[in-house]
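Remarks on the overall topology
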Amino acid sequence: MDQNILTIVMVVVLAALIFFMFRSSRRRQKQQSELQKQVVPGATVMTNFGVFGTIVSIDEESNKVELETSPGHILTVHRQTIGRVETSPETVADAGADVGAAAEAPAVEGKPQYGERIGDADAEQGNGASKKTDE
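In this text the structure is predicted, and so the values were computed from the model without any measurement.

Describing the overall build of the chain
- Of regular secondary structure, the chain possesses three helices and five strands.
- For the chain, the succession of helices and strands along the chain, N to C, is α-β-β-β-β-β-α-α.
- Look at the contacts in the chain between residues 6 or more apart in sequence, and 37% of them connect residues 24 or more apart.
- With the model as given, the accessible surface of the chain reaches about 11000 Å², and the carbon-plus-sulfur share is 56%.

Structure follows, in structure tokens:
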């Protein structure tokens, strides 16, 4: 009787392991196909070995991608070495529109600009609050 229960438990555990193995495999295939859909010219990507670049062209027949890592420097890598897509061309175009709108926004009175030192702002206004004297 004990051997029958043990056998049933072992079969159930084996079935659960097989189920989770197929489930993770399907999820990984889905992620890979979504990544390959995002790999288009103009997208900023990172390779599996940590090189960032912008896709210049894709050769579908030989599965090669040309990456521009810096202006004038082109690397040819296998398509499967693309680890992740940092930005797609559509995202870059949207972000460019947002940056232009932010640059035109007027500065708020009394608050320092990004990167401006607070002590410099006080000195320009003539407050002198940040200066210390030995008197």
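A closer look at the nonpolar core
- By size, the foremost hydrophobic cluster in this structure holds 10 residues: Leu35, Val39, Ala43, Val45, Ile55, Val65, Leu67, Val77, Ile82 and Val85.
- Looking at this core, the elements that each hand over two or more residues are strand S3 (64–70) and strand S5 (82–87).
- Contacts of valine 45, omitting those with residues within four sequence positions, involve Val51, Phe52, Gly53, Ile55, Leu67, Ile82, Arg84, Val85 and Glu86.

Points about the pattern of salt bridges
- One pass over the full model with this rule turns up two salt bridges.
- In this structure, the salt-bridge partner of arginine 79 is glutamate 60, at a minimum N-O distance of 2.9 Å. Here arginine 79 is found in the loop between strand S4 (73–78) and S5, whereas its partner glutamate 60 is found in the loop between strand S2 (52–59) and S3, with 19 residues between them in sequence.
- Note on arginine 79: relative accessible area 11%, which makes it buried.
- Salt-bridge contacts for glutamate 86 lead to arginine 84; the nearest nitrogen and oxygen are separated by 2.4 Å.

Details of the side chain of threonine 47
- Structurally, threonine 47 is set in strand S1 (residues 44–47).
- On the accessibility criterion, threonine 47 (0% relative accessible area) is buried.
- Beyond its immediate stretch of four places on either side in the chain, threonine 47 contacts Leu67, Thr81, Ile82 and Gly83.

Brief notes about a nonpolar patch on the surface
- Nonpolar side chains collect at one region of the surface, where Ile5, Val9, Val13 and Leu17 lie side by side and expose about 360 Å² of accessible area between them.
- Here leucine 17 shows up in helix H1 (residues 2–38).
- Among the residues examined, leucine 17 registers a relative accessible area of 56% and is labelled exposed.

Quick look at the sheet that holds S4
- Taken in spatial order, the five strands line up as S4-S3-S2-S1-S5 in an open sheet, and their pairing is antiparallel. Two strands close off the open sheet at either side, each with one partner strand: S4 and S5. Adjacent strand axes in the sheet meet at a mean angle of 45° when their direction is disregarded.
- Of the strand pairs in this sheet, S3 and S4 are connected by six bridges, and their pairing is antiparallel. Bridging from a neighbouring strand, glutamate 66 pairs with threonine 76 of S4.

A word on unusual backbone geometry
- Unusually for a residue other than glycine, asparagine 63 sits at a positive phi of about 55°.
- Locating asparagine 63 in the fold gives a position in the loop between S2 and S3.
- Here asparagine 63 falls in the partly exposed class, since its relative accessible area comes to 32%.

Re the pairing of S3
- Across five bridges, the pairing between S2 and S3 is antiparallel. Looking across to S3, one finds that threonine 54 is bridged to glutamate 68.
- Hairpin connection between S2 and S3: a loop of four residues separates the two successive antiparallel strands, and asparagine 63 in this loop has a positive phi of roughly 55°.
- Linking two consecutive strands that pair antiparallel, namely S3 and S4, is a turn of two residues; a positive phi of about 90° is found at glycine 72 within it.

How each quantity is defined
- Residues numbered from 1 in each chain as written.
- Predicted model: local features only at pLDDT ≥ 70, side-chain atom pairs only at ≥ 80, totals over all residues.
- Heavy atoms only, no water.
- Helix = DSSP H or I, 4+ residues; strand = E, 2+ residues; numbered from the N terminus.
- Contact = heavy atoms within 4.5 Å.
- Areas by Shrake-Rupley, 256 points an atom, 1.4 Å probe, with all protein chains shown as cover.
- Core = buried A, V, L, I, M, F, W, Y, C linked by side-chain atoms within 4.5 Å.
- Buried < 20%, exposed > 50% of the residue type's maximum accessible area, 1.4 Å probe, protein only.
- Salt bridge = Lys/Arg side-chain N within 4 Å of Asp/Glu carboxyl O.
- Patch = residues over 30% accessible without salt bridge, like charges linked within 9 Å, V, L, I, M, F, W, Y side chains within 5 Å.
- Pairing = 2+ DSSP bridges.
- Axes fitted to C-alpha atoms, helices over the stretch in contact; angles between N-to-C directions.

Function-wise, these values are silent; they only describe arrangement.
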